[in-house]
Amino acid sequence: MAPVVNHPTGVSFVDERDGTQPHLDAAAYYGGGESFTRSRTYSHSHIHGYKPKKAPAFQEDWHLRPRRMSHDEKSVSGGPRRFLIDVEETIRVVLEQEDTDGDFQISVTDAGPKMMALGTATSNGFKTFDIRGTYMLSNLLQELALAKDHNRKRIVLDEARLTENPVDRLSRMIKNSFWHSLTRRIDGDGLEIITADPKNRTGKINPRIYVPHGEPAMAEYYRKVAKDKPHMKLDVQVLPEKPDDPVFVKSLNNKPGILALAMNEVDDGKGGKSLKGIPFIVPGARFNELYNWDSYFISLGLLVDGQISMAKGMVDHFIFEIKHYGKILNGSRSYYLCRTQPPFLTDMALQIYNQLDKSDVDENRAWLKRAIQAAIKEYHTVWVAEPRMDPKTGLSRYRPDGLGIPPETEASHFTHILEPYAEKHGLSVLEFSEKYNDGSLKEPKLDEYFLHDRAVRESGHDTTYRFEKRCANLATIDLQALLYKYEVDIGTAIREVFDDELELEEDFPLAPFPPSPETYAKRGRESSRKRAQCSDEWFQRAALRKERIDKYLWNESKNLYFDYDTATEKQILYESVTAFWALWAGCASEDQCQKLVTQSLKKFEVLGGVVSGTEESRGKISLDRPNRQWDYPYVSVSYVPPHQIMMWVGLERYGYLEEAQRLAYRFLYMMTTAFVDFNGVVPEKFDAVKLSHLVDAEYGNQGIDFKMVPREGFGWMNSAYQVGLSFLTSHMRRAVAACTSPEVFFSHANGSEVLAIRSGGMDPLGLAMDALDITSQ
C-alpha cells in the first residue's frame with residue numbers, strides 16, 4: 001500500500017510544474033510552495049477521513065507482486081509521471097520496510113522487498129505505481145531527505161529524479177551540492193564551523209585561532225569577533241615570527257587551533273572597512289581544514305565545474321601560508337606547522353591562470369606573479385634546502401622537522417610502537433608518552449622512528465610498507481617528478497609570461513646550484529633580491545634533475561622507477577605506481593614511457609583502476625602485519641585521485657589516450673556502482689580489486705556515515721569523478737551509467753578478450769558480494 005498523503009485545507013492545486021525541470025538542484029526543485037496537480041479531479045473527502053479502498057498488501061507478500069498490475073497507473077498522455085508524496089510518512093515507511101540494517105540508507109545489502117507503491121499526482125494519490133530496486137528506492141529516500149531540508153511536508157516528485165542516469169546524477173550532486181557543503185571560510189561568519197576539529201583529542205573544545213606574526217589588522221579583527229560573539233569563547237593567539245620551530249610547535253600540542261588564512265578587505269556596510277575570509281574546499285569528514293595536495297586535485301574538479309574563483313582563492317591561501325608559515329602546510333592546524341606535503345603549486349596556478357577571465361590581462365598576470373614568486377621561495381627554502389635536500393645525489397626527500405608523537409593521530413595509533421618502551425621504563429603507555437613528549441625520557445631509536453613517521457605523513461602516503469622506518473632517507477620518484485615539474489613550470493612562466501625576467505620581492509637565501517656536498521657546506525648564500533630570475537637557470541635545474549632521476553631512480557632491467565635510499569645508497573625495489581608520475585611531469589623519455597606502459601602498467605592495473613603498489617612488494621599480511629591504506633589492494637584509498645589522475649594525464653601526455661580512457665573507465669565504473677548500490681555513497685576508500693568501499697583499513701573509511709542522503713562525498717574523490725568523465729567518450733559514459741563491467745565493455749570494444757586483470761576468476765558482482773562477507777546464515 002502506498003504511504004498515506006494527508007492534504008492540508010486551503011492547499012492550492014496546479015495542472016503543471018510551470019516548466020520546472022526534473023533535474024534541478026534541490027534548492028530550486030524544492031524551494032517553492034506546496035502544489036498538487038489537477039485540482040478538478042481531487043476529492044476533499046480525504047480531509048474528512050475517507051480513504052479510498054485498496055487491496056491490502058502484507059509484508060510477506062510484497063515479493064509476490066507481478067512486475068505490473070492493474071493498480072499501476074498507465075500514462076495515457078505519455079507525459080512524465082509524477083508522485084504525490086507525504087514526506088514524513090513516506091520516510092517512515094521506506095525506512096521501516098527497506099532499511100533492514102538500520103543505517104538510514106537503502107543499499108544492496110538490505111533485505112527489504114525493494115519495491116514500494118507511490119500514489120500518482122494525476123490521480124491525486126488514488127492510483128499507484130511501483131518503484132523498484134535499490135537505486136530507485138535509495139534515490140527516493142534521498143529526495144525525501146532533501147525535501148525535508150527545505151521544510152516541505154508534501155511534494156510532487158518527478159519519477160525522472162528516481163530513474164536519473166546515475167552518472168549525470170552523481171556529477172550534478174558534486175557540482176551543485178557537494179562542493180557547497182565542503183566550502184569553508186575563516187572569518188567571523190565561518191569560525192564556528194571551521195574550528196571544529198574531529199582530530200582534537202585533548203578534551204578542550206573551545207575554539208582557538210592562531211594569527212601569524214606581522215598581521216596586526218587580522219589579529220584585531222579576530223579579537224573583535226571574540227568580543228562580539230562571547231558564546232564562542234574564542235581564544236585568539238598571535239604566533240611568533242618563526243612559527244615552525246619544533247620546540248614551539250610541540251608546545252602547542254595541548255592547545256591546538258586553526259591557523260588564520262588569507263582574507264580580503266571589504267566594505268563593512270557602515271562606511272568603513274572590514275575583513276572577509278576567502279572561501280576554500282576541505283576534504284570532508286574528519287579533515288575539516290585546508291590541505292595541501294588535496295587542494296590541488298580538488299581544484300582540478302572545481303575547474304571542470306566552472307568554479308574558477310574558488311580554485312583561485314585556494315592558491316591565494318597557499319601564497320599566504322608560504323609568506324607567513326614558511327611553507328604550504330600539510331593542513332591549516334597548529335600541529336601541522338612543521339610539515340608540508342607533495343608540491344603542486346605551480347601546475348595549480350598555471351591551470352587556473354589559463355582559465356581566468358581574459359578581460360583583465362594585467363590583473364591576471366599580477367596574480368600569477370605572486371603565485372610563481374611564492375613557489376620559488378618554497379622551492380629554495382623548503383625542497384632544495386637541508387635537511388630535505390641530499391647534496392650528494394642532488395635529490396630531495398620528505399624530511400620535516402618535529403618533536404615527539406604526532407598529536408593528530410588516533411589515540412591508539414602508536415600503542416604497538418610505544419608498548420615495548422613503556423614496559424622498559426615500568427610505565428603505562430600514557431605515562432611514557434607524556435614523559436617522552438616532554439623530553440624527560442630519551443629514546444634515540446624512537447626519535448628515529450618518528451622522524452620517518454613524520455616524513456611518511458609529509459609524503460601524503462600515510463601509511464605504507466613502502467616507506468616504513470626509512471621514508472626520511474628516500475629520494476622518491478614522486479617527489480623528484482613534482483620538483484622537475486616545478487622547475488619546468490617556473491622556467492616556462494618566466495619565459496612566456498614575464499618576458500624572461502622576474503624580480504623577487506621577498507628576501508630569502510637561494511640554494512646553491514649545481515648541488516654538491518661542497519657547495520652546500522659553504523657559508524653564506526646568495527640573496528633572492530640580488531638579481532632577477534631568468535628561465536634558463538630553471539631549465540638547467542630541470543635538466544640536471546632529470547639526469548639524476550635517470551641515474552639513481554630508473555631501473556632499466558625492471559622497466560620502472562624506484563625510490564633511492566640516500567643512507568644505504570641503494571634503490572628500494574618496492575614497486576609503486578608513483579613511477580608513472582614521471583609521465584605526468586614529462587621527465588620520462590619516449591623509450592622509458594614505452595617500457596612503463598607496455599611492461600609495467602599491467603602490474604598495477606586491476607578491475608577498478610590502478611592500485612598503489614603490487615601485492616608482491618607489499619608482502620604477506622597477518623594480524624601482526626596488517627594492511628596499510630596506501631598498499632595493495634587499495635586504489636590509493638583516500639588518495640585515489642593522485643594516482644588515478646596523474647596516470648590519466650601522464651598517459652595522455654605521451655599519446656596513450658586509449659590506455660588513459662580505459663583506466664578512467666575502470667575507476668568511474670567502481671565509483672558509479674558504489675553510488676548506485678549504496679545509497680549514493682562517495683567514500684574515501686576503495687578496494688580496487690574487489691570493487692568495494694567496505695574495506696578494513698587503518699583510520700576507517702570516511703564519507704560513508706551519513707543519514708538518508710550524502711551531503712559532501714569526499715573532496716578529491718568528487719574531483720576525480722568530474723575529471724575522469726572528461727576522458728570518456730559519450731559511448732563510454734553511457735556504458736558506465738549502465739554499470740557495464742570494464743571487462744565486458746573492453747572485450748566487446750576490442751572484439752577480443754581483454755587482457756586478464758587480477759580478479760580471482762570471479763565476475764564483478766561476485767567480487768562485490770564477496771567483499772560484503774555475506775553468508776547463508
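Just so you know, these numbers come straight off a predicted model, no measurement behind them.

Q: I would appreciate a short explanation of the overall build of the protein chain in the present structure.
A: Within the protein chain, the regular secondary structure consists of 26 helices and 22 strands. Taken across its 777 residues, the protein chain has 59% of its residues classed as buried.

Q: Got a minute to help me understand helix α3 (residues 133-149) in this structure?
A: Note on helix geometry: an α-helix contains 3.6 residues per turn, so any two residues three or four positions apart are oriented the same way. The terminal C-alpha atoms of α3 lie 25 Å apart, and with 17 residues this matches the ideal 24 Å at 1.5 Å per residue to within 8%. Within α3, 14 of the 17 residues are buried, which leaves the element mostly enclosed by the surrounding structure. Just beyond α3, the residue with positive phi is Asn 151, at close to 60°.

Q: I keep staring at the nonpolar core and nothing clicks. Help me out?
A: For soluble globular proteins, the rule of thumb is that nonpolar side chains tend to be buried together. Core analysis: the biggest nonpolar cluster contains 182 residues, and Tyr 222, Tyr 561 and Phe 580 have the highest contact counts within it. Ranked by residue count, the leading element in this core is helix α22 (residues 657-677), at 12 residues. With near-sequence residues (within four places) excluded, Tyr 561 lies in contact with Ile 477, Ile 549, Asp 550, Leu 553, Trp 554, Ala 579, Ala 582, Cys 587, Ala 588, Gln 592 and Leu 596. Residues Leu 95, Met 116, Phe 129 and Leu 144 belong to the second largest nonpolar core, which totals 28 residues.

Q: Would you mind showing me how to read the sheet that holds strand β9 (residues 235-238) here?
A: Adjacent strands of a sheet pair through backbone hydrogen bonds, lying either parallel or antiparallel. The strand order across the open sheet built from 3 strands is β9-β8-β10, with neighbouring strands paired in parallel fashion. If you trace the sheet from one side to the other, it starts and ends with β9 and β10 (258-259), each paired once. Against the sheet, helix α6 (residues 216-228) makes contact with β8 (208-211) and β9, and its axis sits at roughly 165° relative to β9, the strand it touches most.

Q: Just checking my understanding: could you explain the side chain of Asp 110 for this structure?
A: Relative to the elements of secondary structure, Asp 110 occurs in the loop between α2 (87-98) and β4 (115-119). In terms of polar contacts, Asp 110 uses its side chain to reach the backbone amide nitrogen of Thr 100, at 3.1 Å. Polar contacts involving the side chain of Asp 110 include one to the main-chain amide nitrogen of Asp 101, which spans 3.2 Å. In contact with Asp 110, not counting residues within four places along its chain, are Glu 98, Asp 99, Thr 100, Asp 101 and Gln 105.

Q: I would appreciate a short explanation of the packing of aromatic side chains in the present structure.
A: By convention here, two paired aromatic rings are described through the distance between centres and the angle between planes. For the structure on display, the rule yields 35 aromatic pairs. Look at Tyr 449 and Phe 450: their rings are 5.2 Å apart centre to centre, the planes differ by 85°, and that puts the pair in the edge-to-face class. Grouping residues by exposure puts Tyr 449 and Phe 450 together as buried. Between Arg 161 and the ring centre of Tyr 29, over which it is positioned, the NZ or CZ distance is 4.0 Å. Residue placement shows Lys 707 over the ring face of Phe 104; its charged tip is 4.8 Å from the ring centre.

Q: Before we go on, may I ask you to explain the pattern of salt bridges in this structure?
A: Two side chains that carry opposite charge are able to pair once their charged atoms sit near each other. Under the defined criterion, the tally for this structure stands at 49 salt bridges. A salt bridge links Glu 443 to Lys 424, with the nearest nitrogen and oxygen atoms 3.0 Å apart. A residue pair is termed long-range when its members are at least 10 positions apart, and Glu 443 in the loop between α13 (429-437) and α14 (444-459) and Lys 424 in helix α12 (residues 415-424) qualify at 19 residues. With relative accessibility at 58%, the residue Lys 424 sits in the exposed group. When salt bridges with common partners are traced through the structure, they connect Glu 143, Arg 161, Glu 164, Arg 169 and Arg 172 into a single cluster.

Q: I keep staring at the sheet that holds strand β20 (residues 570-572) and nothing clicks. Help me out?
A: Read from one edge to the other, the open sheet built from 3 strands follows the order β16-β19-β20, with strand pairing classed as antiparallel. Each of the sheet's edge strands pairs with one partner strand only, and the pair in question is β16 (474-475) and β20. Alignment of β16 against strand β19 (residues 563-565), held across 2 bridges, turns out to be antiparallel. Each residue of the ladder has a partner; that of Leu 474, found in β19, is Asp 565.

Q: Looking at this model, I keep getting lost on the environment of Tyr 421. Mind explaining?
A: Considering the arrangement of structural elements, one finds Tyr 421 in helix α12. When the C-alpha atoms of Tyr 421 and Tyr 436 are compared, they prove to be 9.8 Å apart, with 15 residues separating the residues in sequence. Setting aside residues no more than four positions away along its own chain, Tyr 421 makes contact with Phe 432, Glu 443, Lys 445 and Leu 446.

Q: Just checking my understanding: could you explain the environment of Asp 677 for this structure?
A: Here Asp 677 is to be found in helix α22. Here Asp 677 falls in the partly exposed class, since its relative accessible area comes to 27%. Separated by 570 residues in sequence, Asp 677 and Ser 107 have C-alpha atoms that sit 5.4 Å apart. For Asp 677, the residues in contact, after removing those within four places along its chain, are Ile 106, Ser 107, Val 108 and Thr 134.

Q: I would appreciate a short explanation of the packing of helix α15 (residues 477-496) against helix α17 (residues 535-552) in the present structure.
A: A pair of packed helices can be characterised by two numbers: the angle between their axes and the separation between those axes. Taken N-terminus to C-terminus, the directions of α15 and α17 make an angle of 160°; their axes are 8 Å apart at the nearest point. In terms of orientation, α15 and α17 fall into the roughly antiparallel class. α17 is crossed by α15, and the crossing has left-handed handedness. Taken together, the residues of α17 that come into contact with α15 (itself represented by Ile 477, Gln 480, Ala 481, Leu 483, Tyr 484, Glu 487, Val 488, Ile 490, Gly 491, Thr 492, Ile 494 and Arg 495) are Ser 535, Trp 538, Phe 539, Arg 541, Ala 542, Arg 545, Lys 546 and Ile 549. Residue composition of the contact of α15 with α17, grouped by class: 11 nonpolar, 4 polar and 5 charged.

Q: Honestly, the pairing of β4 in this entry has me stumped. Any pointers?
A: Look at any regular strand and the pattern is simple: side chains alternate between the two faces of the sheet. The buried fraction of β4 amounts to 5 of the 5 residues, a majority that puts the element mostly inside the structure. Taking every second residue as pointing to the same face, both faces of β4 are buried, with Met 115, Ala 117 and Gly 119 on one and Met 116 and Leu 118 on the other. Summarising the sheet, β4 and strand β5 (residues 128-132) pair through 5 bridges and their orientation is antiparallel. Bridge pairing links Met 116 to Ile 131 in β5.

Q: Help me understand the confidence of the model for the protein chain in this model?
A: Caution is warranted with low-pLDDT regions, since their predicted coordinates should not be read in detail. Across the protein chain, the average pLDDT comes to 88, with 85% of residues at 70 or higher. Overall, residues 12-16 carries pLDDT values under 50, and its contacts beyond four positions in sequence, including any with other chains, amount to 15 contacts. Low pLDDT, under 50, characterises residues 751-765; the stretch is placed with 26 contacts to residues that sit more than four places away or in other chains.

Q: Whenever I open this one, the pairing of β9 confuses me. Can you help?
A: As paired elements, β8 and β9 share 4 bridges and run parallel to each other. When the sheet's bridge partners are listed, Ile 209 is paired in β9 with Val 236. Remark: the β8/α6/β9 crossover connection has right-handed handedness.

Q: Can you walk me through a negative patch on the surface in this structure?
A: On the surface, Asp 357, Asp 360, Asp 362 and Glu 363 cluster together to form a negatively charged patch. Here Asp 362 is to be found in helix α11 (residues 361-383). The class for Asp 362 is exposed, based on a relative accessible area of 61%.

Q: Sorry if this is basic, but what is going on with the packing of α11 against α15 here?
A: Across the interface, α11 lies against α15 with an axial gap of 11 Å and an inter-helix angle of 140°. For the element pair α11 / α15, the angle class is oblique. In this structure, α11 meets α15 at a crossing whose hand is left-handed. Residue-level contacts link Ile 372, Ala 375, Ile 376, Glu 378, Tyr 379 and Trp 383 of α11 to Leu 479, Leu 483, Tyr 486, Glu 487, Ile 490 and Ala 493 of α15.

Q: Whenever I open this one, unusual backbone geometry confuses me. Can you help?
A: Apart from glycine, the bulk of residues carry a negative phi angle, and the bulk of peptide bonds sit in the trans form. Residues Glu 386 and Pro 387 are joined by a peptide bond in cis, for which omega reads 15°. With an omega dihedral of -5°, the bond running from Phe 513 to Pro 514 counts as a cis peptide bond.

Q: Explanation requested: the environment of Lys 312 in the structure shown.
A: By the secondary structure assignment, Lys 312 is in helix α9 (residues 308-325). Lys 312 sits 10 residues away from Leu 302 along the chain, and the two C-alpha atoms are 9.9 Å apart.

Calculation criteria
- Residues numbered from 1 in each chain as written.
- Predicted model: local features only at pLDDT ≥ 70, side-chain atom pairs only at ≥ 80, totals over all residues.
- Heavy atoms only, no water.
- Helix = DSSP H or I, 4+ residues; strand = E, 2+ residues; numbered from the N terminus.
- Buried < 20%, exposed > 50% of the residue type's maximum accessible area, 1.4 Å probe, protein only.
- Expected span 1.5 Å × (residues − 1).
- Core = buried A, V, L, I, M, F, W, Y, C linked by side-chain atoms within 4.5 Å.
- Contact = heavy atoms within 4.5 Å.
- Pairing = 2+ DSSP bridges.
- Axes fitted to C-alpha atoms, helices over the stretch in contact; angles between N-to-C directions.
- Polar contact = N/O pair within 3.5 Å; in protein donor to acceptor, adjacent residues only side chain to side chain.
- Phe/Tyr/Trp six-rings, centres within 6.5 Å; stacked < 30°, edge-to-face > 60°.
- Lys NZ or Arg CZ within 6 Å of the ring centre and 35° of its normal.
- Salt bridge = Lys/Arg side-chain N within 4 Å of Asp/Glu carboxyl O.
- Parallel < 35°, antiparallel > 145°, perpendicular 65-115°, else oblique.
- Left-handed = near helix turned anticlockwise from the far one by under 90°.
- Nonpolar A, V, L, I, M, F, W, Y, C, P; charged D, E, K, R; others polar.
- pLDDT = per-residue confidence, 0-100.
- Right-handed = clockwise from strand over helix to strand, strands pointing away.
- Patch = residues over 30% accessible without salt bridge, like charges linked within 9 Å, V, L, I, M, F, W, Y side chains within 5 Å.
- Areas by Shrake-Rupley, 256 points an atom, 1.4 Å probe, with all protein chains shown as cover.
- Lys, Arg positive; Asp, Glu negative; His and termini not counted.
- Charge placed at Lys NZ, Arg CZ, Asp CG, Glu CD.

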